[in-house]
Amino acid sequence: MFNDIGALELLTLVVLAVLVFGPEKLPKVIQDVTRTIRKIREFSDSAKEDIRSELGPQFKDFEFEDLNPKTFVRKQLMDGNDDLGLKEIRESFDLRKEMAEVTDAVNGRESAPSTGTAAAAASGTAATPDLLKKPAQPAKDERPPFDADAT
């Protein structure tokens with residue numbers, strides 16, 4: 001609950017509590033606060049047990065922490081449960097290689113052929129378009145294509 005409170009912050013809270021409540025009333029206030037926290041935890045635990053019992057035996061391993069979207073995504077996608085093949089997709093995508101290929105294409109350099117482009121180069125077809133090559137200009141009397149849906 002208070003995992004991110006350091007020693008200095010805790011000491012500041014204690015000094016502030018002594019100044020606000022005074023040394024005589026501070027033990028009583030601490031008892032009241034701990035009693036209230038204990039009652040809230042008991043109420044929360046009993047409510048969780050009631051919900052689990054109402055859901056039935058098929059939800060006996062249901063955890064309320066799974067309702068948090070971060071926990072749900074981490075549990076479904078990041079753990080060993082790889083029904084969708086996401087691990088293979090993650091491993092096959094190399095952002096540095098993709099960026100190097102784009103940089104080489106923009107600068108007009110030939111990049112090292114990868115497995116996908118080696119077969120295309122052998123067959124005589126280019127796997128990636130030449131971005132520096134200017135497109136052919138249409139004839140003077142030729143009109144550009146007309147798209148009725150675009151207007």
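Cut-offs used in this document
- Residues numbered from 1 in each chain as written.
- Predicted model: local features only at pLDDT ≥ 70, side-chain atom pairs only at ≥ 80, totals over all residues.
- Heavy atoms only, no water.
- Helix = DSSP H or I, 4+ residues; strand = E, 2+ residues; numbered from the N terminus.
- Buried < 20%, exposed > 50% of the residue type's maximum accessible area, 1.4 Å probe, protein only.
- Contact = heavy atoms within 4.5 Å.
- Areas by Shrake-Rupley, 256 points an atom, 1.4 Å probe, with all protein chains shown as cover.
- Expected span 1.5 Å × (residues − 1).
- Salt bridge = Lys/Arg side-chain N within 4 Å of Asp/Glu carboxyl O.
- pLDDT = per-residue confidence, 0-100.
- Patch = residues over 30% accessible without salt bridge, like charges linked within 9 Å, V, L, I, M, F, W, Y side chains within 5 Å.

Observations regarding the overall build of the chain
When its secondary structure is counted, the chain shows five helices and zero strands. Written out in order from the N terminus, the α and β elements of the chain read α-α-α-α-α. Sorting the 151 residues of the chain into buried and exposed places 5% on the buried side. Across the chain, every contact between residues at least 6 apart in sequence was considered, and the portion connecting residues at least 24 apart equals 17%. Surface exposure of the chain reaches about 14,000 Å², of which carbon and sulfur atoms provide 60%.

Topic: helix 1 (residues 7-55)
With 49 residues, helix 1 should cover 72 Å at 1.5 Å per step; its first-to-last C-alpha distance of 43 Å lies more than 12% under that length. Residues G22, L26 and R52 constitute the buried set of helix 1.

Some thoughts on helix 4 (residues 95-107)
The end-to-end C-alpha distance of helix 4, which contains 13 residues, comes to 18 Å, matching closely the 18 Å that a straight helix rising 1.5 Å per residue would cover. Following helix 4 by one or two positions, G108 adopts a phi angle in the positive range, close to 80°.

Some points on the pattern of salt bridges
Applying the stated criterion across every chain yields a total of four salt bridges. Linking R52 and E49 is a salt bridge whose minimum nitrogen-to-oxygen distance equals 3.3 Å. Of this pair, R52 and E49 both sit in helix 1, three residues apart, roughly one helical turn. Given the relative accessible area of 18%, R52 is considered buried. For E63, the salt bridge is made with R52, and the minimal N-O distance between the two is 3.7 Å. Of this pair, E63 sits in the loop between helix 1 and helix 2 (69-78) while R52 sits in helix 1; the two residues are 11 residues apart in sequence, bridging distant segments of the chain. Here the salt bridges share partners, and the residues they tie into one network are K28, D32 and R35.

Here's the deal with the confidence of the model for the chain
The pLDDT averaged across the chain works out to 77; a share of 75% of its residues lies at or above 70. Within the chain, helix 1 carries the highest mean pLDDT (91), whereas helix 5 (residues 115-123) carries the lowest (47).

A few points about a nonpolar patch on the surface
On the surface, I5, L10, L13, V14, L16, V18, V20 and F21 cluster together into a nonpolar patch covering about 680 Å² of accessible area. Looking at the secondary structure, you find V20 in helix 1.

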